[in-house]
Amino acid sequence: MQGEADRQRELLDVEALAGHLLVPGSVFAFLAAHRSRLFPPEMFADLFPSGRGRPSVPPEVIASVLVLQSLYGHSDREAVEALTFDLRWKAACGYAVDGTGFHPTTLTYWRKRLVASDRPDRIFEAVREVITATGAVAGRTRRALDSTVLDDAVARQDTITQLIVSIRRVARDVPGAADLVAARCTRLEQVTGQDYTATGKPRIAWDDEAAREELVTALVNDALALLGALDVEKISGAGGKPAEALALLALVAGQDVEPADGSDGTDGRWRIARKTAPDRMISTVDPDARHAHKTRQRRQDGFKAHVVVEPDTGLMTMVRLTKTNGAENSDAAVGADLVTTDPTIAATPHAPVQVLGDSAYASGQMLATLADQQQFEPVLKPWPLRPTVEGGFTLDDFTHDPAAGTLTCPAGVTRAVSPRGSVTFGAACAGCPLRSRCTTAKDGRTISLGEHHQLQREHRRRAQDQDFQAVYRQHRPMVERSLAWLTRGARRVPYRGVTKNDAWLHHRAAGLNLRRLLNLGLTLTDGNWAIA
């Protein structure tokens, strides 16, 4: 059952004894005075539908600890130690001087309940409601979008390690699989002299390419033999850990390998693939972690944090953590979803909200989404156009007539746009005096127009306006300030998986928003939140 805080202070209550020592305007002082108003018990009532059992730790205490924990980057044990020995934490959570903290696993228990609930982000939403109540973002008609890569909490694994670990996991989690591994997965022992119970790297000549390919062949064939011996359909249908273990093994056995030289894939000879799979899983410990390439030079492994920020105040109104790759996790796809569902936005077609972002957000689909909503004005840096010939014509040098369905080249030749968006000039390029500036293709210039080509063309034209550029240069960089707050001391996520780390991101954003509101002058006047 849900516990309740004792509203009658204890004799040694820290706030009563030493509350004057708390820095005015700090998160500690705010929670000490207003935690029960910010996180009322009824806000968490659905987590404890039964009125029976031992009372839980009061929800206002847990919510305060979760916010402080994510704000200061503590582990569960460190957070509970701070609650036990740090007077600021005690004051913020309503503890007495001699009060002891709860067991660290209590935080794990509460996080699981929150994630499994209908409102997993309620702590972030509670702080956002304070933002709305103060009017801090009321009438502010700009939102800046950006993302940053957060390092994962696990080590990257090579293909050999992933295959061995995945087979071990199937043996551990699938009933009866251990005997099958011992009976069917014998190729590793034949090659290295050690089976899947041995620890450490297999003993081979690692500088010998043939030996490495022999090891890969043994491991892949062991994995395929194990999958073939199990009732995959039945186990997958039942779900749970056995199904997850099988899915992981199937993925690992296929993502990083390819037939060896001279093999057609049917003779059982394999090698490490000479290219990286688009959605490569980099660790069996955290199957959600992925390679990330924010730039060509900067490479990381982990997750991507997406934010929607009101640029003048620096307040984060929407956040989300995703994998780093995949079309559904792109900056434009996630950014469009976040900004169009931001509850702090109140705009009309007569006073649209300007959406600011770099070129990663200027996709055709993003522009189409914002155009459909009618209340948004994209102030997004356009994708750069690259000519096929250095110093030559770009796509904007061609005249597009969407009504007639034609495209006219700089030389005045007009061709029809096919239903799939393809335009072929072909023979018209043969004697064209502008050919050297247009194409080097033997058969002439061919152009493919995207689904939202006209929207992107109009957006590029609008982006050349001085007012557009002035707004972009003044307000878009402010989102970098919020990202700096977000990642300071917290570049590495503390948990495994998207779900857990997304919850952490929301808690950290809640703490940062609360700190920012206090810096802006957050007060409670006559029972109403306000900015002084």
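What you see is a predicted model; the values in this text were computed from it and never measured. (Residues numbered from 1 in each chain as written. Predicted model: local features only at pLDDT ≥ 70, side-chain atom pairs only at ≥ 80, totals over all residues. Heavy atoms only, no water.)

Caption draft 1: Fine view of the overall build of the chain. When helices and strands are tallied, the chain shows 19 helices and 15 strands. Projected onto the principal axes, the alpha-carbon positions of the chain cover approximately 95 × 70 × 40 Å. Counting every position in the chain, which comprises 532 residues, the buried fraction comes to 50%. Counted over contacts in the chain with a minimum sequence separation of 6, partners at least 24 positions apart contribute 67%. Carbon and sulfur atoms form 50% of the exposed surface of the chain, whose accessible area is close to 26,300 Å². Here the chain contributes 65 positively and 64 negatively charged side chains, and the mean placements of these two sets differ by 3 Å. (Helix = DSSP H or I, 4+ residues; strand = E, 2+ residues; numbered from the N terminus. Buried < 20%, exposed > 50% of the residue type's maximum accessible area, 1.4 Å probe, protein only. Contact = heavy atoms within 4.5 Å. Areas by Shrake-Rupley, 256 points an atom, 1.4 Å probe, with all protein chains shown as cover. Lys, Arg positive; Asp, Glu negative; His and termini not counted. Charge placed at Lys NZ, Arg CZ, Asp CG, Glu CD.)

Caption draft 2: Representation of the pattern of salt bridges within the structure. The final tally for this structure, using the stated rule, is 27 salt bridges. For R35, the salt bridge goes to E60, with nearest N and O atoms at 3.2 Å. You can see R35 sitting in helix α2 (residues 27-38) and its partner E60 sitting in helix α3 (residues 59-72), a full 25 residues away along the chain. We classify R35 as buried; its relative accessible area is 13%. (Salt bridge = Lys/Arg side-chain N within 4 Å of Asp/Glu carboxyl O.)

Caption draft 3: Structural detail: the environment of K234. Here K234 is to be found in helix α12 (residues 232-238). Overall, the relative accessible area of 62% leaves K234 in the exposed class. Between the C-alpha atom of K234 and that of W504, which follows or precedes it by 270 residues, the distance is 35 Å.

Caption draft 4: Geometry of the side chain of R516. Relative to the assigned elements, R516 resides in helix α19 (residues 498-520). E310 provides the closest opposite charge to the buried, salt-bridge-free R516, at an N-O distance of 8.0 Å.

Caption draft 5: How the structure looks around the packing of helix α4 (residues 76-85) against helix α6 (residues 105-116). Viewed as axis vectors pointing N to C, α4 and α6 meet at an angle of 115 degrees, and their least axial separation amounts to 8 Å. Facing D76, A79 and V80 of α4, the residues of α6 in contact are L107, T108 and R111. A per-class count over the contact of α4 with α6 returns three nonpolar, one polar and two charged. (Axes fitted to C-alpha atoms, helices over the stretch in contact; angles between N-to-C directions. Nonpolar A, V, L, I, M, F, W, Y, C, P; charged D, E, K, R; others polar.)

Caption draft 6: Representation of the sheet that holds strand β11 (residues 414-416). Reading across from one edge, β9-β10-β11 is the order of the three strands in this open sheet, with antiparallel pairing throughout. Pairing within the sheet leaves two strands with one partner each, and these edge strands are β9 (399-401) and β11. Direction aside, the axes of adjacent strands within the sheet are offset by 20 degrees on average. Pairing between strand β10 (residues 406-408) and β11: three bridges, direction antiparallel. Looking across to β11, one finds that L407 is bridged to R415. (Pairing = 2+ DSSP bridges.)

Caption draft 7: Representation of unusual backbone geometry within the structure. Positioned with a positive phi, Q374 is a non-glycine residue whose angle comes to about 70 degrees. Examined against the element boundaries, Q374 turns out to sit in the loop between α15 (364-373) and β8 (376-380). One non-glycine residue, D526, lies in positive phi territory at about 55 degrees. Its location among the elements puts D526 in the loop between β14 (522-525) and β15 (528-531).

Caption draft 8: Geometry of a nonpolar patch on the surface. Together, L12, L17, L87 and V97 make up an exposed nonpolar region whose accessible area comes to about 320 Å². Mapped onto the elements of the fold, L87 is located in helix α5 (residues 87-93). For L87, a relative accessible area of 43% corresponds to the partly exposed category. (Patch = residues over 30% accessible without salt bridge, like charges linked within 9 Å, V, L, I, M, F, W, Y side chains within 5 Å.)

Caption draft 9: Spatial organisation of α2. Taking 1.5 Å of rise per residue, the twelve residues of α2 would be expected to cover 16 Å, yet its terminal C-alpha atoms sit only 12 Å apart, more than 12% below that figure. Most of α2 is tucked away: nine of the twelve residues are buried. Looking at α2, one finds that the buried residues are V27, F28, A29, F30, L31, A32, H34, R35 and L38. (Expected span 1.5 Å × (residues − 1).)

Caption draft 10: A look at the pairing of strand β5 (residues 299-310). Of all twelve residues that make up β5, eleven are buried, and the element is covered over most of its length. As judged from the eight bridges shared by strand β1 (residues 142-151) and β5, these two strands associate in the antiparallel manner. What sits directly across from S147, in β5, is H306. Summarising the sheet, strand β4 (residues 290-293) and β5 pair through four bridges and their orientation is antiparallel. The residue bridging H293 from the neighbouring strand is R299, located in β5. Bridge count for β5 against strand β6 (residues 315-322) is seven bridges, and the pairing is antiparallel. Paired with K304 across the bridge in β6 is T322. Here β5 hands over to β6 after four residues, with G314 in that stretch at a positive phi of 80 degrees.

Caption draft 11: Spatial organisation of empty space enclosed by the protein. All told, the structure shown has three cavities of 30 Å³ or more when counted by the stated rule. As a volume, the largest cavity reaches approximately 110 Å³. Contributing to the lining of the largest cavity are 14 residues, with C409, A411, C429, C432 and C438 lying nearest its centre. A breakdown of the residues in the lining of the largest cavity according to their chemical character gives twelve nonpolar, no polar and two charged. (1 Å grid on protein atoms, 1.4 Å probe; cavity = no way out; pocket = protein on both sides within 12 Å on 5 of 7 lines; lining within 4 Å. Points joined across faces, edges and corners; volume = space filled by probe spheres on them.)

Caption draft 12: How the structure looks around the packing of aromatic side chains. What the rule picks out here adds up to five aromatic pairs. Arranged with centres 5.5 Å apart and planes meeting at 40 degrees, the rings of F30 and W529 form a pair that is tilted. You can see F30 sitting in helix α2 and its partner W529 sitting in strand β15, a full 499 residues away along the chain. Owing to a relative accessible area of 15%, W529 belongs among the buried residues under this scheme. Seen from their ring centres, F398 and F425 are 5.8 Å apart, and the 50 degrees between their planes marks the pair as tilted. Placement of the pair is F398 in the loop between β8 and β9 and F425 in the loop between β12 (422-424) and β13 (446-448), with a sequence separation of 27 residues. When sorted by exposure, F398 lands in the same class as F425, which is buried. (Phe/Tyr/Trp six-rings, centres within 6.5 Å; stacked < 30°, edge-to-face > 60°.)

Caption draft 13: Layout of the packing of α3 against α6. For the pair α3 and α6, interaxial distance at closest approach is 11 Å and the crossing angle is 95 degrees. Classified by the interaxial angle, the pair formed by α3 and α6 is roughly perpendicular. Counted together, P59, I62, V65, L66 and Q69 of α3 and T106, L107, W110, R111 and L114 of α6 form the full contact between these two elements. For the contact of α3 with α6, the class distribution of residues is seven nonpolar, two polar and one charged. (Parallel < 35°, antiparallel > 145°, perpendicular 65-115°, else oblique.)

Functional significance is not addressed by these values, which are geometric in nature.
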